[in-house]
Amino acid sequence: MEKINKSNENELIIAHKELAFEKEEKGKRAEELGIANKELVFQNQEKEKRAEELIIANKELVFQNEEKEKRAEELIIANKELAFQNQEKEKRAEELSIANKELAFQNAEKEKRAEELDIANKELVFQNDEKEKRAAELDIANKELVFQNDEKEKRAAELSIANIELAFQNSEKEKRTSELINSNYARSLIESSMDPLVTINAEGKITDVNEASIKVTGIARQKLIGTNFSNYFTSPEKAQKGYLQAFEKGFVADYGLTIKHENGKLTDVLYNASVYKDDMGKVLGVFAAARDVTEQKWAKDLRIANKELAFQNNEKEKRAAELGVANKELAFQNDEKEKRAAELDIANKELVFQNDEKEKRAAELDIANKELAFQNEEKEKRAAELSIANKELLAFTYISSHDLQEPLRKIQTFVTIILENEFENLSENGKYNFQRMQLAAGRMQQLIDDLLAFSRISTTELNFEKTNLNSIIDEVKNELRDTIHEKHATIEAIELCSANIIAFQFRQLMYNLISNALKFSKPNVPSHIIVKSRIVKGNTLNIDKLSPEKNYCHITVKDNGIGFEPHFSERIFEVFQKLHGKEVYAGTGIGLAIVKKIVENHNGIIIATGELNKGSQFDIYIPA
Amino acid sequence: MTKLLNILLADDDKDDRFFFKMALDALTIPTELAMVVDGEKLMAYLTENAPQLPDVLFLDLNMPRKNGFECLSEIKLDKNLKLLPVIIFSTSFEQEVVNQLYFNGAKYFMRKPAEFSQLRKIIEYTVELISQENISEPSRENFVLTC
């Protein structure tokens, strides 16, 4: 029992200690909890700070996002600008290439010409040399002629003296002959005559001869007598004619014949013959005396030759004078040619210099060309990169817009579920806020839809087809019939033509323009919209961006709405640009950007003109 | 007495599955709903249940591992599965995509609406179509279901 009590006591002591320990422990734990609590309060404070920072960071992000959108717009514009510059540079490079080829061609031509001139120059130099040689030869020939002339004059003088001598001898001989005939010394005198004498009977037979006749024929007297007179001449017929003439007329004077010697020697003679009669006057025969004229003939020949020489001499003097003139002329020409050669030499050097310059220039052009080609290539690369970047940007816009749809839709669904199921549980304030949230979500949905439409316009394939604009307007009118009715609007379509267009895009274009015209109508004024078109040549329009040679389809959409200040005419086509608050006129500011993009897809331009409260007009020009 | 309609939904989005079930529960037509969360699981489910296929498949396009497009093609090429009516249930509407789906054999295309009341209406309409009409191919004009 005591043992038991003791043990109980022990247990109590232990329990007591245990309790004291636990109490202590709880005290410690409470302290720790106090500390932990403070820690939590501190952490809480930190978290609130962090939350505030996050809100600021969030605002910052929103701001950065806006900046990025602006930057994207700027990039799109810069992209277009670069593409345009690229085109310009390509054109310029083509022009330079053509100019280069032209220069190269001209250079080649000039090189050929220089070569030709060089050859011509050498030819001239050669001709010059030749002419100098020729002139020297002529000079020598001239001197030779002068010498010959002198010689001939000397010879002519000698001949003249010889002539006078001969004339003197002749007259002496004539004197002698007449003395012989006139003296009546008969036979002896006859025999001693130097001239061959002969008598011929009526039959032409020789009846007598003298010693000179024997000598000149080489035939003995006895053999001569009784033979035909005409036998002893080179021309017997002429001889016969001569004596027959003497018989007939009684005489013949200076009748030229040539006596033939037995050994072949010929003697030119002149016959003087007359008939002789008996006392009764009967003709007995002909007495013929031959005069050796060999010497006389030579003298005559000499005279002729002399005259000829004198004439030739004269001619030669003239010729020499002419040659002198010609020589001077040649010398002058020579001088001229030397001058010309000198000039050509200078011209040649000039040409060589120009050639060198042109080669240098061609080399420079070649380098410039290569540089241009390189730059061109770089620009093409850059343009290709930009084009890719652009596509990527559009694809990014598309994908991001696309993916934004899903969370937004879920927010909208949750809002509608709450409004449907918890409407009664919400305070008036809560209801209002939820409705505002729904509106904001709706607006975001509109933005995303419009952005998607905008990027779709740029990425889809372009299929052009001839389409009647009337059918497009009809479709748009049908789509907008409720608004048209509500606004008491009239839409007039005047003379709309067919055009080569991407039909579904053009429908969207007309939809956007007409729905804009309806939206921005004046309150209490029925909207009146006029759509018209015409085909017109570029050069009649005076618009820089249009080609003067092309035909354009000019489409006008005009309204009587609120218009806009003229200085906004460019800006209204930019993405997200709005001229009115969304409370006044709903919209995302993408509609006209889509319109512009579609016009650009059609290689056209659009011009907006407006005046505040006086309506607006949109002029579209697309290639017809 | 309408028979119990067996519906299969393939959608990776938890919220969309929640909306779908909520809309279906609000209907008077008796339905049984099974759900799969990606394309691979869908194909596995269908292969497993080939002898007893659901009455209709609501198919989301944008799913991980295997997208709705691939699933549709596989179903229509599989002789055991090709009779299963497939209704495409998608957030986005792209004309070319819709055309392609029609040619690939989808029965209807519907765009997930933003408002819950519309969602309920369109699911109701579709389910009624399926239960009444049974399987006959819709024309191109009626392919896209709108509320």
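Residues numbered from 1 in each chain as written. Chains lettered and ligands numbered in written order. Predicted model: local features only at pLDDT ≥ 70, side-chain atom pairs only at ≥ 80, totals over all residues.

1. A look at the overall build of chain A
Assigned secondary structure in chain A consists of 11 helices and 12 strands. Classification of the 624 residues of chain A by burial places 18% in the buried group. Of all intrachain contacts in chain A linking residues separated by at least 6 positions in sequence, the fraction that spans at least 24 positions is 65%. (Helix = DSSP H or I, 4+ residues; strand = E, 2+ residues; numbered from the N terminus. Buried ≥ 20, exposed ≤ 12 C-beta atoms within 10 Å, placed from the backbone. Contact = placed C-beta atoms within 7 Å.)

2. Here's the deal with the interface of chain A and chain B
Each partner contributes residues to the interface: chain A has 11 residues there, and chain B has 10 residues. Sort the elements by how many residues they give to the side of chain A that touches chain B and helix 6 (residues 294–421) of chain A lands first, with 10 residues. Here the residues of the side of chain A that touches chain B sort into 1 nonpolar, 6 polar and 4 charged. (Nonpolar A, V, L, I, M, F, W, Y, C, P; charged D, E, K, R; others polar.)

3. Brief notes about the environment of Lys477 of chain A
Residue and element names in this part refer to chain A. Within the secondary structure layout, Lys477 lies in helix 8 (residues 469–479). Distance in space between the C-alpha atoms of Lys477 and Thr490 is 10.0 Å, their sequence separation being 13 residues. Sequence-distant contacts of Lys477, defined by excluding residues within four places in its chain, comprise Ile484 and Ile491.

4. Here we look at the pairing of strand 4 (residues 266–277) of chain A
Residue and element names in this part refer to chain A. As defined by bridge partners, strand 3 (residues 251–260) adjoins strand 4 across 8 bridges and the pair is classed as antiparallel. Residue pairing across strands places Phe251 opposite Ser274, the latter belonging to strand 4. Counted between consecutive antiparallel strands, the loop separating strand 3 from strand 4 contains 5 residues, among which Gly264 sits at a positive phi close to 100°. With 9 bridges connecting them, strand 4 and strand 5 (residues 283–292) associate as antiparallel partners. The partner of Val275 across the bridge, within strand 5, is Val286. Between strand 4 and strand 5, which pair antiparallel and follow one another directly, the connecting turn spans 5 residues, one of which, Gly281, has a positive phi of 90°. (Pairing = 2+ DSSP bridges.)

5. Regarding the confidence of the model for chain B
Low-pLDDT portions of the prediction should not be read for the details of their coordinates. Summing up the model confidence of chain B, the mean pLDDT is 89 and the portion of residues at 70 or higher is 94%. If you check the scores for this complex, the pTM reads 0.45 and the ipTM reads 0.83. (pLDDT = per-residue confidence, 0-100.)

6. Regarding the sheet that holds strand 5 of chain A
Residue and element names in this part refer to chain A. One open sheet accounts for 5 strands, arranged 2-1-5-4-3; its pairing is antiparallel. Of all strands in the sheet, those with a lone pairing partner are strand 2 (206–209) and strand 3, marking the two edges. With direction set aside, neighbouring strand axes in the sheet form an average angle of 30°. Along the sheet, helix 5 (residues 236–249) contacts strand 1 (197–200), strand 3, strand 4 and strand 5; its crossing angle with strand 3, the most-contacted strand, is approximately 160°. (Axes fitted to C-alpha atoms, helices over the stretch in contact; angles between N-to-C directions.)

7. Quick notes on the sheet that holds strand 5 (residues 108–111) of chain B
Residues and elements named next belong to chain B. Strand order in the open sheet formed by 6 strands is 2-1-3-4-5-6, with parallel pairing between adjacent strands. Pairing within the sheet leaves two strands with one partner each, and these edge strands are strand 2 (31–36) and strand 6 (144–145). Alignment of strand 5 against strand 6, held across 2 bridges, turns out to be parallel. Counterpart to Met110 in the pairing with strand 6 is Leu145.

8. Considerations on the packing of helix 8 of chain A against helix 10 (residues 503–519) of chain A
Residue and element names in this part refer to chain A. At a minimum axis distance of 9 Å, the contact between helix 8 and helix 10 shows a crossing angle of 50°. As judged from the angle between their axes, helix 8 and helix 10 are oblique. Every pair of crossing elements has a handedness; the one defined by helix 8 and helix 10 is right-handed. Residue-level inspection shows Ile472, Ile473, Glu475, Val476 and Glu479 of helix 8 in contact with helix 10, the latter providing Phe506, Arg507, Met510, Tyr511 and Ile514. (Parallel < 35°, antiparallel > 145°, perpendicular 65-115°, else oblique. Left-handed = near helix turned anticlockwise from the far one by under 90°.)

9. A few points about unusual backbone geometry
Backbone geometry follows two general trends: most residues other than glycine have a negative phi, and most peptide bonds adopt the trans configuration. The residue His488 of chain A is not glycine, and still its phi comes out positive at about 50°. Of note, His488 of chain A is situated in the loop between helix 9 (481–486) and strand 7 (490–494). Even without being glycine, Arg65 of chain B reaches a positive phi, approximately 70°. Turning to its location among the elements, Arg65 of chain B is positioned in the loop between strand 3 (56–59) and helix 3 (68–77).

10. Let's talk about the packing of helix 10 of chain A against helix 11 (residues 591–601) of chain A
Residues and elements named next belong to chain A. Where helix 10 meets helix 11, the closest approach of the two axes is 9 Å, and the angle between their N-to-C directions is 145°. With respect to the hand of their crossing, helix 10 and helix 11 are arranged in left-handed fashion. The segment helix 10 lies against helix 11, with Gln505, Phe506, Gln508, Leu509, Asn512, Leu513 and Asn516 engaging Gly591, Leu592, Ile594, Val595, Ile598, Val599 and Asn601. Here the residues of the contact of helix 10 with helix 11 sort into 8 nonpolar, 6 polar and no charged.

11. So, the environment of Asn468 of chain A
Residue and element names in this part refer to chain A. Tracing the backbone shows Asn468 in strand 6 (residues 465–468). We classify Asn468 as partly exposed; it has 14 C-beta atoms within 10 Å. Between the C-alpha atoms of Asn468 and Cys497, which are 29 residues apart in sequence, the distance is 6.2 Å.

12. Here we look at helix 11 of chain A
It helps to recall that an α-helix has 3.6 residues per turn; residues three or four apart then point in one direction. Residue and element names in this part refer to chain A. Among the 11 residues in helix 11, 9 count as buried, and that is most of the element. Those residues of helix 11 that sit buried are Gly591, Leu592, Ala593, Ile594, Val595, Lys596, Lys597, Ile598 and Val599. Positive backbone phi, at 60°, marks Asn603, one or two positions downstream of helix 11.

13. Details of the nonpolar core
Counting residues in hydrophobic clusters, the biggest one holds 48 residues, and the most contacted among them are Met510, Leu513, Ile514 and Val595 of chain A. Once you skip the residues sitting within four places of it in the chain, Met510 of chain A turns out to touch Ile472, Ile473 and Val476 of chain A. Judged by nonpolar contacts, the second largest core, of 36 residues, contains Leu8, Phe19, Leu61 and Phe116 of chain B. (Core = buried A, V, L, I, M, F, W, Y, C linked by C-beta atoms within 7 Å.)

14. Here's the deal with the pairing of strand 5 of chain B
All names here are of chain B. Residues Tyr108 and Met110 point to one face of strand 5 and Phe109 and Arg111 to the other, with burial holding for every one of them. The pairing of strand 4 (residues 86–90) with strand 5 spans 4 bridges and is classified as parallel. In the sheet register, Phe89 faces strand 5, and the bridge partner there is Met110. In terms of handedness, the path from strand 4 via helix 4 (residues 95–103) over to strand 5 forms a crossover that is right-handed. (Right-handed = clockwise from strand over helix to strand, strands pointing away.)

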